[in-house]
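Secondary and tertiary structure notes
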Amino acid sequence: MVGPLLFPSGNGYKTWEDPSFIKWNKRDPHVTLRCHDSIEASLKYWYERNKVDLSVSKSAVWNDDAVPVALENAASWVQQLPFVKSLSGYWKFFLAPNPTTVPDNFHQTAFQDSDWPTLPVPSNWEMHGFDRPIYTNFVYPFPLDPPHLPQDNPTGCYRTFFTIPKEWQGRRIILHFEAVDSAFCAWVNGVPVGYSQDSRLPAEFEIPDYCYQFGSDRKNVLAVQVLRWSDGSYLEDQDHWRISGIHRDVLLLAKPQVFIADYFFNSNLSDNFSHADIQVEVKIDDSRETLKERELANYVIEAALYDTGSWYNRDGHVDLLSSNVANLTLSTPTSGSHGFNGYILVGKLEKPKLWSAEQPNLYTLVVVLKDASGYVIDCESCLIGIRQVSKAPKQLLVNGQPVVIRGVNRHEHHARIGKTNIESCMIKDLVLMKQNNINAVRNSHYPQHPRWYELCDLFGMYMIDEANIETHGFILSGHLKHPTEEPSWASAMMDRVIGMVERDKNYACIISWSLGNEAGYGPNHSASAGWIRGRDPSRVVHYEGGGSRTSSTDIVCPMYMRVWNILKIAKDPNETRPLILCEYSHAMGNSNGNLHEYWEAIDNTFGLQGGFIWDWADQALLKESADGSKHWAYGGDFGDFPNDSNFCLNGLVWPDRTAHPALHEVKYVYQPIKVSLREGILKIKNNNFFETTEEMEFSWAVHGDGCELGSGILSFAVIEPQSSFDIDWKSGPWYSLWASSDAEEIFLTITTKFLHSTRSVEAGHIISSTQVQLPAKREIVPHFIKPKDIVPSTEVLGDIIKIKQQNLWEIKLNVRTGMLESWKVAGAPIMNKGIFPCFWRAPTDNDKGGDQSSYCSRWKAAHIDSLSFVTKSCSIETPADNLVKIIVVYLGVLKSEDGSFEEGKSNALFNIDMIYTIYGSGDIIVESSVKPNSDLPPLPRIGVEFHLEKSVDQIKWYGRGPFECYPDRKASAHIGFYEQSVAGMHVPYIVPGESGGKADVRWVTFQNKDGLGIYASVYGNSPPMQMNASYYPTAELDRATHIEELIKGDDIEVHLDHKHMGLGGDDSWTPCVHEKYLVPPVPYSYSIRLCPITAATSGYDIYKSQLQN
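Because the structure is a prediction, the values reported are computed rather than measured.

**So, the overall build of the protein chain**
Scanning the protein chain from terminus to terminus reveals 17 helices and 56 strands. Classification of the 1109 residues of the protein chain by burial places 63% in the buried group. Counting only contacts in the protein chain whose residues sit at least 6 apart along the sequence, the fraction spanning at least 24 positions is 74%. Positive and negative side-chain charges in the protein chain, numbering 100 and 135 respectively, have mean positions lying 2 Å apart.

**Brief notes about the packing of helix α5 (residues 423-435) against helix α6 (residues 450-459)**
Where α5 meets α6, the axes come as close as 10 Å, and the angle between the chain directions of the two elements is 35 degrees. Crossing of α5 over α6 shows right-handed handedness. Of α6, the residues touching α5 (which contributes E423, M426, I427, D429, L430, V431, M433 and K434) are R451, W452, L455, C456 and F459.

**Observations regarding unusual backbone geometry**
The linkage connecting S444 with the following residue, H445, adopts the cis geometry, with an omega of -10 degrees. Tracing the backbone shows H445 in the loop between β24 (440-443) and α6. Geometrically, the link from G961 to P962 is a cis peptide bond, its omega value of 0 degrees lying close to zero. Within the secondary structure, P962 is located in the loop between β49 (954-961) and β50 (974-981). The phi dihedral of R657 falls on the positive side, at around 70 degrees, and the residue is not glycine. Mapped onto the fold, R657 is located in the loop between β31 (630-633) and α11 (662-670). Its relative accessible area of 4% is what places R657 among the buried residues. The backbone of Q806 sits at a positive phi, close to 50 degrees, despite the residue not being glycine.

**Section: the side chain of N436**
Relative to the helices and strands, N436 resides in the loop between α5 and β24. Excluding residues that lie within four positions of it along the chain, N436 makes contacts with L663, V666, K667 and Y670.

**Here's the deal with the packing of aromatic side chains**
Scanning the entire structure with this criterion turns up 49 aromatic pairs. Judged by centre distance (6.3 Å) and plane angle (65 degrees), the rings of Y234 and W489 are edge-to-face. Separated by 255 residues along the polypeptide, Y234 in the loop between β11 (220-227) and β12 (240-242) and W489 in the loop between β25 (462-466) and α7 (490-504) bring together distant segments of the chain. Look at Y234 and you get buried, because its relative accessible area is 0%.

**Details of the environment of I801**
Looking at the secondary structure, you find I801 in strand β40 (residues 800-805). Its relative accessible area of 2% is what places I801 among the buried residues. In the structure, I801 is positioned 19 residues away from L820 in sequence and 9.6 Å away in space, judged by C-alpha atoms. Filtering out sequence-adjacent residues up to four positions away, I801 remains in contact with T794, E795, V796, I811, K812, L813, V815, I876 and I886.

**A few points about the pairing of strand β15 (residues 275-286)**
Counting buried residues along β15, nine of its 12 residues qualify, which places the element largely inside the surrounding structure. Where strand β14 (residues 258-269) lies against β15, 11 bridges are found, and the strand directions are antiparallel. Within β15, the position partnered with I260 by the bridge is I284. Taking the residues that link successive antiparallel strands as the turn, the β14-β15 hairpin has five residues, and the phi of F273 there is positive, at about 60 degrees. In the sheet, β15 pairs with strand β18 (residues 343-350) via eight bridges, with the strands oriented antiparallel. Residue I278 lies in a different strand from β18, and its bridge partner there is G347.

**Notes on the sheet that holds strand β2 (residues 84-86)**
Taken together, the four strands give an open sheet; going across it, the order is β2-β13-β7-β10, and neighbouring strands pair in antiparallel fashion. The open sheet has two edge strands with one neighbour each: β2 and β10 (203-206). Along the sheet, successive strands turn relative to each other by an average axial angle of 20 degrees, direction set aside. When strand β7 (residues 172-177) meets strand β13 (residues 250-255), the two strands line up antiparallel, connected through six bridges. Considered in β13, the bridge of I174 is made with L253.

**Side note on the sheet that holds strand β38 (residues 766-773)**
Hydrogen bonds between backbone groups are what pair the strands of a sheet, and the pairing can be parallel or antiparallel. Reading across the sheet, the four strands line up as β35-β34-β37-β38 and stay open at both edges, with antiparallel pairing between neighbours. Of all strands in the sheet, those bounded by a partner on one side alone are β35 (707-713) and β38. If you compare each strand with its neighbour and ignore which way they point, the axes differ by 20 degrees on average. Here strand β37 (residues 746-754) runs beside β38; their pairing, made up of seven bridges, is antiparallel. Of the residues in β38, the one forming a bridge with I750 is T770.

**As for helix α3 (residues 66-76)**
Residues of α3 that are buried: A66, V67, A70, L71, N73 and A74. One face of α3 carries all of its buried residues, which in axial projection span an arc of 160 degrees. Where α3 is buried, its residues touch β2, β3 (89-96), β4 (118-121) and α5.

**Here we look at the pattern of salt bridges**
In the structure shown here, the tally under the stated rule is 62 salt bridges. Residue K51 pairs with E48 through a salt bridge whose shortest N-O separation is 3.6 Å. Looking at K51, the relative accessible area reads 43%, which means it is partly exposed. In this structure E48 comes out as partly exposed when scored by relative accessible area, which is 33%. In this structure, the salt-bridge partner of E994 is R941, at a minimum N-O distance of 3.8 Å. One end of the pair, E994, is in the loop between α15 (982-985) and β51 (998-1001); the other, R941, is in strand β48 (residues 941-948), and 53 residues separate them in sequence. Of the two residues, E994 and R941, both sit in the buried class. A cluster of three or more residues bridged by salt bridges with shared partners is formed by R27, R172, E204, E206 and D285.

Reading the values: the criteria
- Residues numbered from 1 in each chain as written.
- Predicted model: local features only at pLDDT ≥ 70, side-chain atom pairs only at ≥ 80, totals over all residues.
- Heavy atoms only, no water.
- Helix = DSSP H or I, 4+ residues; strand = E, 2+ residues; numbered from the N terminus.
- Buried < 20%, exposed > 50% of the residue type's maximum accessible area, 1.4 Å probe, protein only.
- Contact = heavy atoms within 4.5 Å.
- Lys, Arg positive; Asp, Glu negative; His and termini not counted.
- Charge placed at Lys NZ, Arg CZ, Asp CG, Glu CD.
- Axes fitted to C-alpha atoms, helices over the stretch in contact; angles between N-to-C directions.
- Left-handed = near helix turned anticlockwise from the far one by under 90°.
- Phe/Tyr/Trp six-rings, centres within 6.5 Å; stacked < 30°, edge-to-face > 60°.
- Pairing = 2+ DSSP bridges.
- Arc of directions from axis to C-beta.
- Salt bridge = Lys/Arg side-chain N within 4 Å of Asp/Glu carboxyl O.

Structure representation (structure tokens):
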């Protein structure tokens, strides 16, 4: 077995197709080892390693520069560790089509690799031009025939050289691979040293017998053969890019002959949290296999806790040793400790500083092995947090509190380097999460880089750590059982769970272990859950498979369950577990509608404790175009097949971590300070569980019809966690401003900021901001204008009627079609086409979800996307000298095969009456009545469209903003006065579609650089509008499949909608816009006012002129 590990035997046996053969010569899993040489060195190591904050995130790179940075980063992680050496760098690399075609004897020392190219390690080879990345959701990228694999199985051959420092003389050398995708065998100097599977956990092999002498000039040859596919790939069917290779660092560790091989820290808090009984189980590895009794006679094991938080609050020299707060001593050995040798150290910590996501207090644990004379032989250390995870009826408790999970799912993903990690990029993720009130992360769907856990400990992030198990693709084959039901897969599945727990058991951030994702449910899961509960009762177990309510999960953890269904479970008296959505609010493109409805339920329902949005970042990869430019690519763009197209683009941020507009909504519903106004009482509630408001500043601002009336600091006593401050709104400092204002709408905004900088935010960072509408002072009456006695000039030229007022404005309208053909203001062309009905939008990803039942499919089947508007009639009236009235009846019809219009009323999908009343003042009142056919599906929009000259590119509006918002995703968008360019309105989703809209717009102006343009507003009893303006026509947004393919139109396309359908987002594969946000095919009537505007006037003044007192 040793020689031909990765070569088929004569009988056809292949190691990589045997689920029972998952490793050879591999050391047992354990915590990350540092190999310190002293207590002082270990403390200094953490003193430096903990110096990370948001400033580091500013150096995150997402382009080609990431390649050298990743190599530098890998090397930097082992600095200050004299007995750890990184082998990161450029290795020789050859990619063979399959395992049988690798170069003969490539692992031998004499092999000539001078003509091989190089490949950075760590990296994924597909990210450097070898083979191609493959994106699939759950369809396996090879035929489903477990455990067999296709003959086409790209196999990477790696070679590098290393030397052993002479200072390592007499120590045991361990070769450590942090992660390799998917299976590999390693040779040192031509001798096979080990084989391993599991693409996301470490593999270690002891190698001193195969290395040249310490201090020798001869270089050791390390050769590694990596298979892209192995039987383990059947357990790794996660929804992400399938990319291969040595994607985490490769290390050499030097340990003494007897060393600390593993340790497990536990704490047991007293009922009042005044002290903690602490315990460390320590495993000793003795190469001489000494009896345990003799080990105790020859060696001393010690452990101590140091208060990490005290290190950075002092000026000048820091005496790290003086931060000692507890010492642990050896207790009587016990048996049955699940693989440990029974060395248990115990102690007590008085007045512990507890760890939570809100207050991530940490200690440094140092474990020391000394010889009989007291000399330090080995030293290990890690960060630990004192905290308690427990269960209560329908609650998950952290330190006795039912913390709410404001979470997100996160894959390891970098657009340039794939699965390889860079510390500044990880910190960028954490900083953005913390700044947007995210307090929890689910490692989807595999254990991640060890540094990620340390950073989550430091920044404060609750975590579900998930085993690298997913077999989603088995749902496509009815004749095959899921591996969880097969004994032949039991050891492989259990090995992955054990490896995760043993590596990550000391991280405070982990509050729950997960058995994997979408892997069915069966005995192998039950066995894994049982093992975890026995090994680590200090945490809960999570698993969604089998319906999210099996005996193998301590949390009811459904994915994409609707609000009404999670409420049913929460109210079920027979269900005693809390409900936390493991995935919800699918963030694919322009999405995350209805998010506020989930949080209205979560915030007000006992038994609901939050969830994890899917997911954090768009998983696009950088791809070079023919012209040398780079763009973000998705499934299929690399010629990969099978693929799931753009289903990898589900992020709250773009691949470079620029925030999607939806992240504002997430921040809002996740904000810990909640403000409400009910029955005259303004309530400010601190929804934190541990933090008071002592470090926060509260401010207020009042706006009337968009203009600020006043602002100030709101002072009151500190609000304790889970407590509130109530005030009669009439007692507030804003009341006099309200009382003296004649504004129609008055809004009060309460904003909460941090007074001081923290690890993740700067002083002044806004935590929460809520806008409430103050009571109306008077009855709101319809908006009308008072016509002036200005007589316009009217001239008919054939089909064109020209209406003008001296040189102030000029409108040309086609009396045959009823369409406006031009509108000039002060001689400058403004509008060149309009004003006509519109019911279509460029479909979003959610619109397309559901195949034939999708909104998009139903719209196109009903031909809403290809409507033509035929003028049934057009008449002109002049009921008074100061106005002209044009009455148009449109039919929304289809084109016949010969290109003619089917104008019969019975063939019309829409009947639209539009009345244009044009006053001498230049005002146009558009009154529209729409009658859709009742058998149409829910409509994308009901509104008007017109086109402006490209120069009319400055927009100001009074409505929600300043970012993109839609009827079902607008809670975070305050009503106010905003301005933006047309270019700035565009939201560059990687796959184009409807975007950039602004909700609840009262008025809007479109002006050129000289201030000339048009004003538009609601009129009469019509409600606020949905507004959009873009250089890209709707048809172009529908046509393009990538953002870089978009071609600007000849003008600016503007939409003013009376009704606009919501975005949805409960998922992206069924039509799931909530009913209240649908636009049913029923009659609608609405009015809009338009008028010319110059630099001498403002939209605000025009709007105020039409408000009736």
